[in-house]
Amino acid sequence: MKEKYIKKFVEKQDELKKLVYLQNTFLVEEIKLVAGVDLAYWVKDKKEYGTCSIVVIDYNTKEIVEQVDYFDEITVPYISGFLAFRELPLILKTVKKLKTKPDIYMFDGNGYLHYRHMGIATHASFYLNKPTIGIAKSYLKIENVDFIMPENLKGAHTDIVINNDVYGRCLRTRENVKPIFVSCGNWIDLDTATELTLHFIEKDSRLPITTRYADLATHQSRKRVLGDK
DNA sequence: GCGACAG
DNA sequence: ATCTTGTCGC
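Residues numbered from 1 in each chain as written. Chains lettered and ligands numbered in written order. Predicted model: local features only at pLDDT ≥ 70, side-chain atom pairs only at ≥ 80, totals over all residues. Heavy atoms only, no water.

S.K.: Can you tell me about the overall build of chain A, naming the residues and giving the values?
M.R.: The helix and strand tally for chain A stands at five helices and eight strands. Reading the secondary structure of chain A in the N-to-C direction produces α-β-β-β-α-β-α-β-β-β-β-α-α. In summary, chain A has a C-alpha radius of gyration of 17 Å against a globular reference of 17 Å for 229 residues, a match within 12%. Each of the three principal axes of chain A carries a C-alpha extent, and together these read 50 × 45 × 35 Å. (Helix = DSSP H or I, 4+ residues; strand = E, 2+ residues; numbered from the N terminus. Rg over C-alpha atoms; globule rule 2.2 N^0.38 Å.)

Given below as structure tokens:
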């Protein structure tokens with residue numbers, strides 16, 4: 001069932017991962033707009049649907065500059081390690097509705113912290129042509145390597161290193177909350193990705209407001225879609 | 001058959 | 001991701 005997709009998916013990821021560049025291609029001081037991207041799903045009449053929300057936030061004022069939603073049928077199944085193939089088509093259609101042009105995109109999921117260094121944040125960067133960051137709420141275990149729990153202090157973090165390769169970072173964004181997993185998407189370094197993530201942490205969530213607001217927006221969007229039918 | 005498994 | 005309310009604790 002899922003197997004029919006996997007060979008082509010791996011080939012595509014292997015092709016793209018050669019182009020990943022884990023250095024900043026921008027100056028942090030020049031960042032103005034940061035986008036959070038997320039999806040929500042539902043099933044209706046045996047068909048699966050998804051709605052994507054993108055929330056664009058001003059880096060300095062932290063106010064929402066723009067928000068767009070787009071929903072459609074989802075045809076690709078969820079397969080761990082291949083999230084981009086399922087979600088990216090909808091994401092790209094949603095991006096087309098944006099009037100502003102975000103400088104950076106933050107995703108719900110991993111980037112370089114991935115079996116082949118090609119999590120959704122990294123994969124998406126090649127279609128957005130913008131730096132990206134992956135923010136995952138749970139740990140994707142690779143080569144049986146566990147993460148090291150950081151201290152219970154805001155900003156505490158431990159790196160996830162496998163075979164001398166830094167895949168990503170386990171980051172405690174606030175005290176007394178479960179840590180999140182930050183990884184480079186593309187065209188950014190891990191320290192900067194961590195810095196931006198912490199910049200958008202506020203009192204109401206362990207997630208940066210970019211992805212947090214996008215998450216809330218998908219739930220609202222789904223409610224509207226189902227309510228209008 | 002059993003456990004793993006980003007969202 | 002989704003199915004789902006109140007409740008314990010900082």
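S.K.: Tell me about the protein's contact with DNA strand C, and please be specific about residues and values.
M.R.: Lining the immediate environment of DNA strand C, one finds A40, Y41, K137, N176, H219 and R222. For DNA strand C, the fraction of protein-proximal atoms (within 4 Å) that sit in sugar or phosphate groups is 100%. Between a phosphate oxygen of DNA strand C and a side-chain N or O atom of K137, the distance comes to 3.1 Å. At a separation of 2.4 Å, a phosphate oxygen of DNA strand C approaches a polar side-chain atom of R222. Secondary structure elements with two or more residues in the surface near DNA strand C: β1 (33-44) and α5 (209-227). Here the surface near DNA strand C is built from residues that sort into two nonpolar, two polar and two charged. (Near = heavy atom within 4 Å. Polar contact = N/O pair within 3.5 Å; in protein donor to acceptor, adjacent residues only side chain to side chain. Nonpolar A, V, L, I, M, F, W, Y, C, P; charged D, E, K, R; others polar.)

S.K.: An account of the nonpolar core is needed here, citing residue identities and associated values.
M.R.: Within the largest apolar cluster, 30 residues are counted, with the highest numbers of intra-cluster contacts made by I31, I104, I133, V182 and I188. Of all the secondary structure elements, the ones that give two or more residues to this core are β2 (47-58), β4 (104-108), β5 (132-136), β8 (180-186), α4 (190-199) and α5. Filtering out sequence-adjacent residues up to four positions away, I104 remains in contact with F26, I31, L33, V34, A35, P131, I133, I188 and L196. With 21 residues, the next largest nonpolar core counts L33, C52, V68 and A121 among its residues. (Core = buried A, V, L, I, M, F, W, Y, C linked by side-chain atoms within 4.5 Å. Buried < 20%, exposed > 50% of the residue type's maximum accessible area, 1.4 Å probe, protein only. Contact = heavy atoms within 4.5 Å.)

S.K.: Break down the pairing of β4 for me, with residues and values.
M.R.: Here β4 lies mainly inside the structure; five of its five residues are buried. Here β4 shows a buried face lined by I104, M106 and D108 and a second buried face lined by Y105 and F107. Of the pairings in the sheet, the one linking β1 to β4 comprises four bridges and is parallel in character. Considered in β4, the bridge of G36 is made with M106. Direction of pairing for β4 relative to β5: parallel, over a ladder of four bridges. Residue pairing across strands places D108 opposite I135, the latter belonging to β5. Crossover connection from β4 via helix α3 (residues 120-128) to parallel β5: handedness right-handed. (Pairing = 2+ DSSP bridges. Right-handed = clockwise from strand over helix to strand, strands pointing away.)

S.K.: Just give me the short version of empty space enclosed by the protein, but keep the residues and values in it.
M.R.: The full count for this structure, using the stated rule, is one cavity of 30 Å³ or more. Approximately 40 Å³ is the volume attributed to the largest cavity. Surrounding the largest cavity, V37, D38, L39, E87, I91, F107, D108 and I120 form its lining. Elements represented by at least two residues in the lining of the largest cavity include exactly β1, α2 (83-95) and β4. Of the residues contributing to the lining of the largest cavity, the split by class is five nonpolar, no polar and three charged. (1 Å grid on protein atoms, 1.4 Å probe; cavity = no way out; pocket = protein on both sides within 12 Å on 5 of 7 lines; lining within 4 Å. Points joined across faces, edges and corners; volume = space filled by probe spheres on them.)

S.K.: Lay out the sheet that holds β1 in plain terms, naming residues and giving numbers.
M.R.: As summarised here, the arrangement of the eight strands in space is β3-β2-β1-β4-β5-β8-β7-β6, forming an open sheet in which the pairing is mixed. Strands with a single pairing partner mark the edges of an open sheet, and in this sheet they are β3 (64-73) and β6 (157-162). Direction aside, neighbouring strands of the sheet carry axes that sit 25° apart on average. Here β6 runs beside strand β7 (residues 165-171); their pairing, made up of six bridges, is antiparallel. Among the inter-strand pairings, D159 is bridged to a residue of β7, identified as R169. Against the sheet, α4 engages β4, β5, β6, β7 and β8, with an angle of about 15° to β7. (Axes fitted to C-alpha atoms, helices over the stretch in contact; angles between N-to-C directions.)

S.K.: Residues and numbers for the UniProt feature "binding site: Mg(2+)" (unreviewed entry) in chain A, please.
M.R.: The UniProt record marks D38 and D108 with the feature "binding site: Mg(2+)" (unreviewed entry), using the residue numbering of this structure. A maximum C-alpha distance of 5.9 Å places the annotated residues, which cover 71 residues in sequence, within one compact spot. Among the residues just listed, D38 and D108 line the largest cavity. Position of D38 relative to the elements: it lies in strand β1. Overall, the relative accessible area of 8% leaves D38 in the buried class. Those residues in contact with D38 that lie beyond four places of it in its chain are T51, C52, S53, D108, A214, D215 and T218. Given a relative accessible area of 17%, D108 falls into the buried group. Those residues within four positions of D108 in sequence are excluded, and the remaining contacts are V37, D38, L83, I120, I135, K137 and T211. Within polar-contact distance, the side chain of D108 engages the side chain of K137 at 2.7 Å. (UniProt positions renumbered as here; feature names shortened; annotations may be inferred.)

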